[in-house]
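# Residue-level structural notes
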Amino acid sequence: MLSENDYLTSRRARDDAVKLLGKRIKAGDTFPPIFLAIRQVRSDHSSHAHADPVALANRINKLPDGSINYSGFQPMDDPNDFRYFFMGMLWVIGMCFRGFLHVQETEFAEDVSRFLARLNDWKAALHTHRRAIGIFPERGEAEGF
């Protein structure tokens, strides 16, 4: 739907490709589930909402005592909230990487098993770290992040 040149040189072409994808989905075209998941993440995290790095950077306050807080619609008094928010961005990055691996595997018939194994190890480590610092320790890996 989008050439490499258009992607690199035209923001309008990139935006139109996103709109075209939405139209094709509504028309009943089928896409790999990972594409639909990444599209949903993009929709949920656009306009500086949720785990958007720009929003995170623009809303961090450094206080005189050296501590930091996040100035969003709700206070972030617990440092674990901030950590979870940041780890959520990492999770989204991993999901996007998985999407690229899917394309590499299905469209270019390349072996991505080494990358998938490393990605799975990384996701497991992220889950373990989240639980170790007391963030949703009861939540299983099957529930996502």
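Note that this is a predicted model, so its numbers are computed, not measured.

### Quick word on helix 5 (residues 79-107)
Every α-helix carries 3.6 residues per turn, so stepping three or four residues along brings you back to the same face. Over its 29 residues, helix 5 runs 42 Å from end to end, which matches the ideal 42 Å to within 8%, given 1.5 Å per residue. Once helix 5 ends, the next one or two residues include Ala109, with phi positive near 50°.

### Topic: the confidence of the model for the protein chain
Residue-level pLDDT values for the protein chain average 81, and 80% of them are 70 or greater. The weakest mean pLDDT in the protein chain belongs to helix 4 (residues 53-58) at 58; the strongest belongs to helix 6 (residues 113-132) at 93.

### What about the nonpolar core?
With five residues, the main nonpolar core is built from Met87, Trp91, Leu126, Ile135 and Phe145. Not counting residues up to four positions away in its chain, the partners in contact with Met87 are Leu126, His129, Arg130, Ile133, Ile135 and Phe145.

### Re the pattern of salt bridges
Following the criterion strictly, the structure yields three salt bridges and no others. Arg12 is paired through a salt bridge with Asp16; the nearest N and O atoms lie 3.8 Å apart. With Arg12 and Asp16 both in helix 2 (residues 11-26) and four residues apart, this pair spans about one turn of that helix. Among the residues examined, Asp16 registers a relative accessible area of 35% and is labelled partly exposed.

So, how was this worked out
- In this convention, every chain numbers its residues from 1, walking through the sequence in written order.
- Under the rules for a predicted model, residues below a pLDDT of 70 receive no local features and side-chain atom pairs below 80 are neither given nor counted, while totals for whole chains, interfaces and linings still include all residues.
- Side-chain numbers here rest on the full set of heavy atoms in the structure, without hydrogens or water.
- A run of H or I in DSSP counts as a helix once it spans at least four residues, and a run of E counts as a strand once it spans at least two, with each numbered from the N terminus.
- What a helix should span is 1.5 Å times the count of its residues minus one.
- On a scale of 0 to 100, pLDDT captures the predictor's confidence in every residue.
- In this description, a nonpolar core means a group of buried Ala, Val, Leu, Ile, Met, Phe, Trp, Tyr and Cys residues linked to one another through side-chain atoms lying within 4.5 Å.
- Only protein chains enter the accessibility calculation, which uses a 1.4 Å probe; a residue whose area is less than 20% of its type maximum is buried, one above 50% is exposed, and one in between is partly exposed.
- By definition in these notes, contact holds between two residues if any of their heavy atoms fall within 4.5 Å.
- Salt bridges are defined by distance alone: a side-chain nitrogen of Lys or Arg within 4 Å of a carboxyl oxygen of Asp or Glu.

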